[in-house]
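Architecture at a glance
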Amino acid sequence: QAQVVESGGGLVQPGGSLRLTCAASRTVQGIGDMGWYRQAPVKDRTFVARISRDGYAAYANSVQDRFVISRDNDKDRVSLQLNSLEPEDTAVYYCYANYLEFGPQWGQGTQVTVSS
């Protein structure tokens, strides 16, 4: 059974930075896209960023130029560098790994709180 585990959330002041990391268990056929979504209180889960196995990245307009997604294929890990954080970035951040064998698998989420 594949597992996806996030880490790195926490409390940060506006303008600060955090780095989220997601580790996915390895399978025979491997993983396609990996990425991040987030869910703020009483709101739907929304797309943040994704990265292909070849390193092509895509971002939501709201985080473009502030967040950077990166990937280590050797370790089946994806990271999200969050810069210039705003209170509106407060949410639970969820990582997913799109396994070629059985589709997207999600982590349990990590809380990011931006507050002074």
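For the structure given in this document, a descriptive report is provided here.

On to the sheet that holds strand S8 (residues 77-82). Taking strand neighbours across the sheet as the criterion, the 4 strands line up as S1-S3-S8-S7 in an open arrangement whose pairing is antiparallel. Each edge of the open sheet carries a strand with a single partner, namely strand S1 (4-7) and strand S7 (67-72). Strand-to-strand, the axes of this sheet are offset by a mean angle of 15 degrees, without reference to chain direction. Relative to strand S3 (residues 18-24), S1 runs antiparallel, the two sharing 4 bridges. The partner of Glu-6 across the bridge, within S3, is Cys-22.

The next subject is the environment of Gly-32. With respect to the helices and strands, the residue Gly-32 is situated in strand S4 (residues 31-39). Considered as a pair, Gly-32 and Val-48 are 16 residues apart in the sequence and their alpha carbons are 17 Å apart. In this structure Gly-32 touches Arg-53, Arg-71, Asn-98 and Leu-100, once residues within four positions along its chain are discounted.

It is worth spelling out the pairing of strand S9 (residues 91-99) at this point. Buried residues dominate S9, accounting for 7 of its 9 residues. Examined bridge by bridge, S4 and S9 share 7 bridges and lie antiparallel to one another. Across the sheet, Met-34 pairs through a bridge with Ala-97, a residue of S9. Where S9 and strand S11 (residues 110-114) come together, 3 bridges link them in antiparallel fashion. Across the sheet, residue Tyr-93 finds its bridge partner in S11, namely Thr-110. With antiparallel pairing between neighbouring strands as the criterion, S9 and strand S10 (residues 103-106) make up a hairpin whose turn holds 3 residues.

The rules behind the values
- Residues numbered from 1 in each chain as written.
- Predicted model: local features only at pLDDT ≥ 70, side-chain atom pairs only at ≥ 80, totals over all residues.
- Heavy atoms only, no water.
- Pairing = 2+ DSSP bridges.
- Helix = DSSP H or I, 4+ residues; strand = E, 2+ residues; numbered from the N terminus.
- Axes fitted to C-alpha atoms, helices over the stretch in contact; angles between N-to-C directions.
- Contact = heavy atoms within 4.5 Å.
- Buried < 20%, exposed > 50% of the residue type's maximum accessible area, 1.4 Å probe, protein only.

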